[in-house]
Amino acid sequence: MLERTLGIVKPDGIRRGLIGEILKRIEDSGLRVVALKMKQLTRSEAEGFYYVHREKPFFNDLVDFMTSGPVALFVLEGENAIERYRRLMGATDPKKAEKGTIRSDLAESMQCNTVHGSDGPDTARFEISYFFAATEIVKR
Ligand code: ATP
Ligand code: MG
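Residues numbered from 1 in each chain as written. Chains lettered and ligands numbered in written order. Predicted model: local features only at pLDDT ≥ 70, side-chain atom pairs only at ≥ 80, totals over all residues. Heavy atoms only, no water.

Is there a simple way to explain the packing of aromatic side chains in this structure?
Each aromatic ring pair is specified by the distance between its two centres and by the angle formed by the two planes. The final tally for this structure, using the stated rule, is six aromatic pairs. Ring centres of Phe49 and Tyr50 lie 5.0 Å apart, and the angle between their planes is 80°; this geometry places the pair in the edge-to-face category. Since its relative accessible area comes to 5%, Phe49 is described here as buried. By relative accessible area, which is 7% here, Tyr50 ends up buried. Here the aromatic rings of Tyr130 and Phe131 are separated by 5.0 Å at their centres, their planes lie at 90°, and the arrangement is edge-to-face. By relative accessible area, which is 29% here, Tyr130 ends up partly exposed. For Phe131, a relative accessible area of 6% corresponds to the buried category. Site record: aromatic cluster; members linked through ring pairs are Phe49, Tyr50, Phe126, Tyr130 and Phe131. Against the face of Phe132 rests Lys37, its NZ or CZ located 4.4 Å from the ring centre. Over the face of the ring belonging to Tyr51 we find Arg54, whose NZ or CZ atom lies 3.9 Å from the ring centre. (Phe/Tyr/Trp six-rings, centres within 6.5 Å; stacked < 30°, edge-to-face > 60°. Buried < 20%, exposed > 50% of the residue type's maximum accessible area, 1.4 Å probe, protein only. Lys NZ or Arg CZ within 6 Å of the ring centre and 35° of its normal.)

Distances and angles like these do not, on their own, reveal function.
So this is what it looks like as structure tokens:
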């Protein structure tokens, strides 16, 4: 199925200059970048984005981390884009992520895990519209 998914290079990835490396892996996998921008998230933007995690013990630290510097936001498109990008990223905990995945190769910790990707079709729709207007997404 042709899908779109939202990806983020998190602040730790931006600080370490990994935007190019991450987009290279994505493009090499055949997924198409159809929207792309830099943004400094406000506290309330980060809280709204991670609303499903609001009761988790790590929520406050997660919001601190996600607002600690700018992020790169992008929309990917392709057949089964959601699952394919999740596989490229690897498991949430980089120590448990498969070798060759972005998180296994590049991430620092469970929190500073360098990238985000939507985890399902409903989440993808919510997350894309949270950050991008329809007019910011290109056809290619
Ligand atoms: P993401 O949603 O960022 O793509 P994910 O879907 O793999 O990651 P989630 O369970 O949605 O993981 O958690 C969201 C984010 O919260 C994680 O990517 C990580 O940055 C942080 N996080 C999750 N679990 C923990 C934890 N136990 N301790 C610290 N941070 C955590
Ligand atoms: Mg998630």
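From this point on, the discussion continues.
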